[in-house]
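If you want the building blocks of each chain, they are given just below.
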Amino acid sequence: MGYLITRTDIEHLIGSSGLNNLTDDGSEDAIINKIIEESEGWIFSRLSFKYSNSILAQSPVVKQTAAYIASYYLSERRGNPYHYKEQMEDLKEEIEDYRVGKAEITDSAGNQ
């Protein structure tokens, strides 16, 4: 279980069958935990200098981005075609806007 997302967040995107198919070559929990760690690390490496982890964890956009990154990483880890490539590009641009101050992170109620 991660700080921003959980297995359930990934399952919402790729389904439980999809998750099982992408992790059936090893310890499912270990693979998922590693993927969550990597996706959250990507977010934190770009935004934690500006926002606290608790602020990031309250942002629907940040959580959605972490879930898409995790699903993207899972889909490509065995050399399969990438899933969610277009969404990833859009979300990476949005994260970059937060990083450079073009936009501000808000919680689900719109508070900064």
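Provided above is the structure to which this section pertains.
This report concerns the structure included in the present document. (Residues numbered from 1 in each chain as written. Predicted model: local features only at pLDDT ≥ 70, side-chain atom pairs only at ≥ 80, totals over all residues. Heavy atoms only, no water.)

With respect to the packing of helix 1 (residues 7-22) against helix 4 (residues 60-76)
Move 1: Two elements in contact, helix 1 and helix 4, have axes separated by 10 Å at closest approach and are oriented at 15 degrees. Considering their axes alone, helix 1 and helix 4 lie roughly parallel with respect to each other. Handedness of the crossing formed by helix 1 with helix 4: left-handed. Each of Asp9, Ile10, Leu13, Ile14, Leu19 and Leu22 in helix 1 lies in contact with helix 4, whose residues at this interface are Ala67, Tyr68, Ala70, Ser71, Leu74 and Ser75. (Axes fitted to C-alpha atoms, helices over the stretch in contact; angles between N-to-C directions. Helix = DSSP H or I, 4+ residues; strand = E, 2+ residues; numbered from the N terminus. Parallel < 35°, antiparallel > 145°, perpendicular 65-115°, else oblique. Left-handed = near helix turned anticlockwise from the far one by under 90°. Contact = heavy atoms within 4.5 Å.)

Notes on the side chain of Ser71
Move 1: In this fold, Ser71 is placed in helix 4.
Move 2: Each residue touching Ser71, except ones within four places of it in the same chain, is listed here: Ile10, Leu13, Ile14 and Tyr84.

Comments concerning the pattern of salt bridges
Side-chain pairs of opposite charge can arise where the charged atoms are in close proximity.
Move 1: Scanning all chains against the criterion turns up 7 salt bridges.
Move 2: Close ionic contact of Glu11 with Arg7 constitutes a salt bridge, the shortest N to O distance being 3.2 Å. Here the residue Glu11 and the residue Arg7 both occupy positions in helix 1, the gap between them amounting to 4 residues, near one helical turn.
Move 3: For Arg7, a relative accessible area of 25% translates into the label partly exposed.
Move 4: Ionic pairing is found between Glu28 and Arg7, a salt bridge with its closest N-O pair at 2.2 Å. Of this pair, Glu28 sits in helix 2 (residues 28-47) while Arg7 is found in helix 1, placing the two residues 21 residues apart along the sequence.
Move 5: Taking relative accessible area as the criterion, Glu28 reaches 23% and is therefore assigned partly exposed. (Salt bridge = Lys/Arg side-chain N within 4 Å of Asp/Glu carboxyl O. Buried < 20%, exposed > 50% of the residue type's maximum accessible area, 1.4 Å probe, protein only.)

Examining the environment of Gly2
Move 1: As for its placement among the helices and strands, Gly2 is situated in the segment before helix 1.
Move 2: Note: C-alpha distance between Gly2 and Ile36 (34 residues apart in sequence) is 6.1 Å.
Move 3: Residues in contact with Gly2, not counting those within four places in the same chain, are Ile36 and Glu40.

A short note on the packing of aromatic side chains
Move 1: Inspection of every chain in the model, using the stated rule, returns 3 aromatic pairs.
Move 2: Seen in terms of ring centroids, Tyr68 and Tyr84 are 5.2 Å apart; in terms of plane orientation they differ by 80 degrees. Their pairing is edge-to-face. Of this pair, Tyr68 sits in helix 4 while Tyr84 sits in the loop between helix 4 and helix 5 (85-100), and the two are 16 residues apart along the sequence.
Move 3: Seen in terms of ring centroids, Tyr72 and Tyr73 are 6.3 Å apart; in terms of plane orientation they differ by 50 degrees. Their pairing is tilted.
Move 4: Tyr72 sits in the buried class, given a relative accessible area of 10%. (Phe/Tyr/Trp six-rings, centres within 6.5 Å; stacked < 30°, edge-to-face > 60°.)

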